[in-house]
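# Summary of structural features
Residue strings, one per chain:
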Amino acid sequence: MKLSLMAAVAENGIIGCGLDIPWQVKGEQLLFKAMTFNQWLIVGRKTFASMGKLPNRKYAVISRSQHQSNDPDVMYFTSTEKALEHLQTITDHVFVSGGGEIYKMLLPQVETIHLSTIHKNVAGDIYFPELPAGFSLVFEQKFSSNIDYTYQIFQRDSSDS
Ligand SMILES: NC(=O)c1ccc[n+]([C@@H]2O[C@H](COP(=O)([O-])OP(=O)(O)OC[C@H]3O[C@@H](n4cnc5c(N)ncnc54)[C@H](OP(=O)(O)O)[C@@H]3O)[C@@H](O)[C@H]2O)c1
C-alpha cells in the first residue's frame, strides 16, 4: 500500500491555528480535492472535527478514544498502526492528510509528499514537521492567487540510489 502525504504550509512552517487553517487561498483547495477524490484519507481526530467529511472521500480517523461510526466511509482507529493494518486490506493508496500530530507520526513512512507552500508568514500554533532527508523534488508549479502559492511533489529516493 502506498502512503502519500498532502499538506499546505505557510512560509513560516504553520499549518494551523487551533482547529483552523489560518488563510484562504483561492484555488489552492482544488489541488487537495482533485488528488483525494475517492481516496482513503488518514486524519487526526482534530482535523476531522475541523474539516468535517468531504463527499467522495473515505476517512480513517485516529483518536485515543473509542468512537462509533455508522458511516461506512468513516472508520475510527486508536493508533496509526491499527489504521494502516486495516487499510492495507481494503486499498492500495492512502493520503496522510493531517494535522500536525498525524503528519509527524507518518512522515517517516510516506513515499510521496504533495506540498503547497503558501507564500505568507501567518500566526498559528500547529507546525508541519521538518522535511526529512531522502526526498527529491520531482515537480514544481507556481500559482498566482490572492496569496501566491507553490505546489511541489517530493518523492522518496529509492534505497538503492
Ligand atoms: N494546512 C494543512 O494542510 C492542514 C491539513 C490538515 C489539518 N490542518 C490543521 O492542523 C490542525 C490540527 O492538527 P493537530 O496536530 O492539532 O491535530 P490532529 O493531528 O488533526 O489530531 C490530533 C488528535 O489525533 C489523535 N492522536 C494523536 N496521536 C495519537 C496516537 N499516538 N494514538 C491515538 N490517537 C492519536 C488524538 O485524538 P484524541 O484527542 O481524540 O485522542 C489527538 O488529539 C488544525 O489547525 C487543522 O486545521 C492543516
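Just above sits the structure.
First, a word on scope: everything that follows refers to the structure included in this document.

Cut-off values and rules
- Residues numbered from 1 in each chain as written.
- Predicted model: local features only at pLDDT ≥ 70, side-chain atom pairs only at ≥ 80, totals over all residues.
- Helix = DSSP H or I, 4+ residues; strand = E, 2+ residues; numbered from the N terminus.
- Buried ≥ 20, exposed ≤ 12 C-beta atoms within 10 Å, placed from the backbone.
- Contact = placed C-beta atoms within 7 Å.
- Core = buried A, V, L, I, M, F, W, Y, C linked by C-beta atoms within 7 Å.
- Near = placed C-beta within 6 Å.
- Pairing = 2+ DSSP bridges.
- Axes fitted to C-alpha atoms, helices over the stretch in contact; angles between N-to-C directions.

To continue, consider the overall build of the protein chain. When you go through the protein chain residue by residue, the secondary structure sums to four helices and ten strands. Secondary structure elements of the protein chain, listed N to C terminal, follow the sequence β-β-α-β-α-β-β-α-β-α-β-β-β-β. Principal-axis analysis of the C-alpha atoms places the extent of the protein chain at approximately 40 × 40 × 25 Å. Within the protein chain, buried positions represent 27% of all 161 residues. Within the protein chain, contacts between residues at least 6 apart in sequence are counted, and of these 67% link residues at least 24 apart.

Let us look at the nonpolar core. Counting residues in hydrophobic clusters, the biggest one holds 32 residues, and the most contacted among them are L5, I42 and V96. Looking at this core element by element, the count peaks at five residues for strand 1 (residues 2-10). Apart from the residues lying within four places of it in its own chain, the contact partners of V96 are L3, S4, L5, I42, I102, Y103, L106 and V110.

What surrounds the ligand is a group of 26 residues, the closest being G16, G44, G98, G99 and G100. Elements supplying a minimum of two residues to the shell around the ligand: strand 1, strand 2 (14-16), helix 2 (45-51) and helix 4 (100-106). The leading source of residues in the shell around the ligand is helix 2, at four residues.

Next up on the list: the sheet that holds strand 5 (residues 74-77). Across the sheet, which stays open at both edges, the eight strands sit in the order 5-4-3-6-1-7-10-9 with mixed pairing between neighbours. In the strand order of this sheet, the two ends are held by strand 5 and strand 9 (135-143), each with one partner. Neighbour-to-neighbour, the strand axes of this sheet turn through a mean angle of 20°, independent of strand direction. Pairing geometry for strand 9 and strand 10 (residues 149-156), over eight bridges, is antiparallel. Bridging from a neighbouring strand, F135 pairs with R156 of strand 10. Lying over the sheet, helix 1 (residues 28-36) contacts strand 1, strand 3 (40-44), strand 6 (93-96), strand 7 (112-118) and strand 10, oriented at roughly 170° with respect to strand 1. Relative to strand 4 (residues 58-62), helix 3 (residues 80-87) is tilted by about 150°, and along the sheet it contacts strand 3, strand 4, strand 5 and strand 6.

The next point concerns unusual backbone geometry. Following G98, the chain continues into G99 via a peptide bond in cis, with omega recorded as 0°. Within the fold, G99 resides in the loop between strand 6 and helix 4. For N38, which is not a glycine, the phi torsion comes out positive at approximately 60°. On the secondary structure map, N38 appears in the loop between helix 1 and strand 3. Unusually for a residue other than glycine, N56 sits at a positive phi of about 65°. Note that N56 resides in the loop between helix 2 and strand 4. Look at N56 and you get exposed, because 11 C-beta atoms sit within 10 Å.

Relative to strand 10, strand 7 is paired through seven bridges, and the arrangement is antiparallel. Among the inter-strand pairings, T117 is bridged to a residue of strand 10, identified as T150. Between strand 9 and strand 10, which pair antiparallel one after the other, the connecting turn spans five residues.

What follows is about the environment of L137. Position of L137 among the secondary structure elements: in strand 9. Look at L137 and you get exposed, because 11 C-beta atoms sit within 10 Å. In the structure, L137 is positioned 38 residues away from G99 in sequence and 22 Å away in space, judged by C-alpha atoms. Ignoring any residue separated from it by four or fewer positions in sequence, one finds L137 in contact with Q152 and F154.

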